[in-house]
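# Coordinate analysis (summary)
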Amino acid sequence: MEASSLVLGGTVWMYCRLYRTVDRFRKPEILEAAKAGGAFLRKFARVSCGSSGKWKCAFCLTRDGKAVKIQRTIFSECFYIMAMDELSRVIGDEDMQLEAEQMMEQLICWVRVDSSGLGRPQLPGDVPANSMAVPMMLLCLVQQLTEGRGPEVIQKYRELASWCVQKILQHIQREGTAILENVSVEGAELPGCQGRLLNPGHALEAGWFLLQFSVEQKDEELQRTAINKFMELPYQYGWDKEHGGLFYFLDVDGHCPTQLEWSMKLWWPHCEALIAFLMAYSQTKKPELLERFSKVYEYTFSHFPDVQRGEWFGYLTQGGKVALDFKGGPFKGFFHVPRCLYMCERILDDMLANKD
């Protein structure tokens, strides 16, 4: 039996966030589960990269902690940082917080200075690209590491946050009519199917990350861009007008995407859409944004939850039937669904508290 450090990191973060911020989840069994997950990650997930002294996080581990697979990306490390930082807040462990910040510095180096530590060979035909997942995850980590902390920490990551925002905004392409998943490092459209790829779920998730940042910075222009470009556009081109739900991938020119699962409906884009539109409505009170939220809500809660056994299915056909009936795997764990429910509840609570 194998475990995914990406899924376990998200689970530890979620348990800690619920324990720390929601009274009804402040239970000892939740804290103990989070501590056990965190201890497993610290003991087994980090894998030494030889003489460099750097660490990678194994993507898959056996049940007794043996590394099975390491990805040549930053995402296992991202969830490791989230888990360690949030757990450090709950148990007051400054060494754990420092460990999270040290891993963050390594990520920044891989992304902005030298990517060789990721283990990806530099091939002559491989064109460097700006994949939106990278700056949006770094922005998420900046928001995690700076939340509730003093001005020194905020200042430490200020330039990085601005860099992330600018890199995300580079994905607004086709004269402002599309959010492309991949662009060149200079922010230009790439040739071929890689350059034409649309990922509605990622665009929506990036949208609410930008929306949160716009509130922190009191940046009204960024707020409008987050809503009009990163929420409205992917909803318009991503919503299946025949069957309902959001497509997983699309091609901006209407060709068939090369991803075999492109027409499926996955759980996590719908989670991100719910957060995005409710957050946008709470800030603007525009009724069309509440209508978007309601439409996504109706599809999501009539298709993904397993009403007999609980939890959500993750993978549906284009027509909305269950394609894969497992509830958890190397990419689906205790993260996107509970984060969505948690954030929507907090947004609604805040709206009710300030309705006058």
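Residues numbered from 1 in each chain as written. Predicted model: local features only at pLDDT ≥ 70, side-chain atom pairs only at ≥ 80, totals over all residues. Heavy atoms only, no water.

Met 104, Leu 107, Leu 139, Met 231 and Trp 267 are the most contacted members of the largest nonpolar core, which has 104 residues in total. In terms of residue count, the dominant contributor to this core is helix H11 (residues 267–284) (twelve residues). Formed by six residues, the second largest nonpolar core is a distinct cluster that contains Ala 178, Leu 180, Val 183 and Phe 247. (Core = buried A, V, L, I, M, F, W, Y, C linked by side-chain atoms within 4.5 Å. Buried < 20%, exposed > 50% of the residue type's maximum accessible area, 1.4 Å probe, protein only. Helix = DSSP H or I, 4+ residues; strand = E, 2+ residues; numbered from the N terminus.)

The next point concerns the pattern of salt bridges. Scanning the model with the defined rule gives 25 salt bridges in all. With a closest N to O distance of 3.1 Å, Arg 17 and Glu 86 form a salt bridge. In this pair, Arg 17 sits in helix H1 (residues 5–21) while Glu 86 sits in helix H3 (residues 75–91), placing the two residues 69 residues apart along the sequence. Looking at Glu 86, the relative accessible area reads 0%, which means it is buried. Close ionic contact of Arg 89 with Asp 85 constitutes a salt bridge, the shortest N to O distance being 2.9 Å. Separated by four residues within a single helix, Arg 89 and Asp 85 lie in helix H3, roughly one turn from each other. Among the residues examined, Asp 85 registers a relative accessible area of 0% and is labelled buried. Several salt bridges converge on common partners, so that one network encompasses Arg 17, Arg 20, Glu 86 and Glu 147. (Salt bridge = Lys/Arg side-chain N within 4 Å of Asp/Glu carboxyl O.)

Bringing the domain arrangement of the protein chain into the picture now. Frequently, the measure chosen for interface size is the accessible area removed from exposure when the parts meet. By the assigned domains, the protein chain splits into domain 1 (1–117) and domain 2 (171–355). Just the C-alpha atoms count here: the centres of domain 1 and domain 2 sit 25 Å apart. Across the contact, 16 residues belong to domain 1 and twelve residues belong to domain 2. For the pair domain 1 and domain 2, the summed buried area comes to about 1100 Å², and 72% of that belongs to carbon and sulfur atoms. Where domain 1 meets domain 2, there are one salt bridge. A salt bridge links Arg 24 to Glu 345; the nearest nitrogen and oxygen atoms lie 2.9 Å apart. (Domains from an automatic or database assignment. Contact = heavy atoms within 4.5 Å. Buried area = accessible area lost by both parts, 1.4 Å probe.)

The next point concerns the side chain of Gln 143. With respect to the secondary-structure elements, Gln 143 resides in helix H5 (residues 133–146). The buried category is assigned to Gln 143, whose relative accessible area is 10%. If we ignore the near neighbours within four places in the chain, the residues touching Gln 143 are Phe 209, Gln 212, Phe 213 and Glu 216.

Attention shifts here to the packing of helix H7 (residues 158–169) against helix H9 (residues 200–217). It is the contact of H7 with H9, at a shortest axis distance of 11 Å, that shows an interaxial angle of 140°. What the angle tells us is that H7 and H9 run oblique. Helix-helix and strand crossings are classified by hand; for H7 and H9 the assignment is left-handed. From H7, Ala 161, Val 165, Ile 168 and Leu 169 reach across to H9, where they touch Ala 206, Leu 210 and Phe 213. (Axes fitted to C-alpha atoms, helices over the stretch in contact; angles between N-to-C directions. Parallel < 35°, antiparallel > 145°, perpendicular 65-115°, else oblique. Left-handed = near helix turned anticlockwise from the far one by under 90°.)

Take unusual backbone geometry next. If you check the backbone angles, Glu 175 has positive phi at about 55° while not being a glycine. Relative to the helices and strands, Glu 175 resides in the loop between strand S7 (172–173) and strand S8 (178–179). In this model, Glu 311 sits at a positive phi of 65°, which is unusual for a non-glycine residue. With respect to the helices, strands and loops of the structure, Glu 311 is situated in the loop between helix H12 (287–303) and strand S13 (315–316).

Take Thr 300: it is sitting in helix H12. Here Thr 300 falls in the buried class, since its relative accessible area comes to 0%. The residues contacting Thr 300, other than those within four sequence positions of it, are His 270, Leu 274, Pro 305 and Trp 312.

For the rest of this paragraph, the subject is the sheet that holds strand S4 (residues 60–62). As summarised here, the arrangement of the three strands in space is S1-S4-S5, forming an open sheet in which the pairing is antiparallel. Because the sheet does not close on itself, it has two edges, and the strands there are strand S1 (2–4) and strand S5 (67–69). If you compare each strand with its neighbour and ignore which way they point, the axes differ by 35° on average. Packing against the sheet, H1 makes contact with S1 and S4, and its axis sits at approximately 60° to S1. (Pairing = 2+ DSSP bridges.)

Let's shift gears to a nonpolar patch on the surface. A grouping of Tyr 297, Phe 301 and Leu 341 is seen on the molecular surface, where their side chains present a nonpolar patch of about 260 Å² in accessible area. Inspection of the secondary structure puts Tyr 297 in helix H12. (Patch = residues over 30% accessible without salt bridge, like charges linked within 9 Å, V, L, I, M, F, W, Y side chains within 5 Å. Areas by Shrake-Rupley, 256 points an atom, 1.4 Å probe, with all protein chains shown as cover.)

Moving on, we get to the packing of aromatic side chains. One pass over the full model with this rule turns up 19 aromatic pairs. Taking 6.2 Å as the distance between ring centres and 75° as the angle between the ring planes, the aromatic pair formed by Tyr 299 and Phe 304 counts as edge-to-face. The same class applies to Tyr 299 and to Phe 304, which are both buried. In textbook terms, an aromatic cluster arises when at least three aromatic residues are bridged by ring pairs, as seen for Tyr 235, Trp 239, Phe 277, Phe 293, Tyr 297, Tyr 299, Phe 301, Phe 304 and Trp 312. The ring centre of Phe 247 lies 5.3 Å from the NZ or CZ of Lys 265, which sits over that ring. Stacked on the ring of Trp 267, the Lys or Arg Lys 332 has its end atom at 5.8 Å from the ring centre. (Phe/Tyr/Trp six-rings, centres within 6.5 Å; stacked < 30°, edge-to-face > 60°. Lys NZ or Arg CZ within 6 Å of the ring centre and 35° of its normal.)

The terminal C-alpha atoms of H1 lie 24 Å apart, and with 17 residues this matches the ideal 24 Å at 1.5 Å per residue to within 8%. A large share of H1 lies buried, amounting to 13 of its 17 residues. (Expected span 1.5 Å × (residues − 1).)

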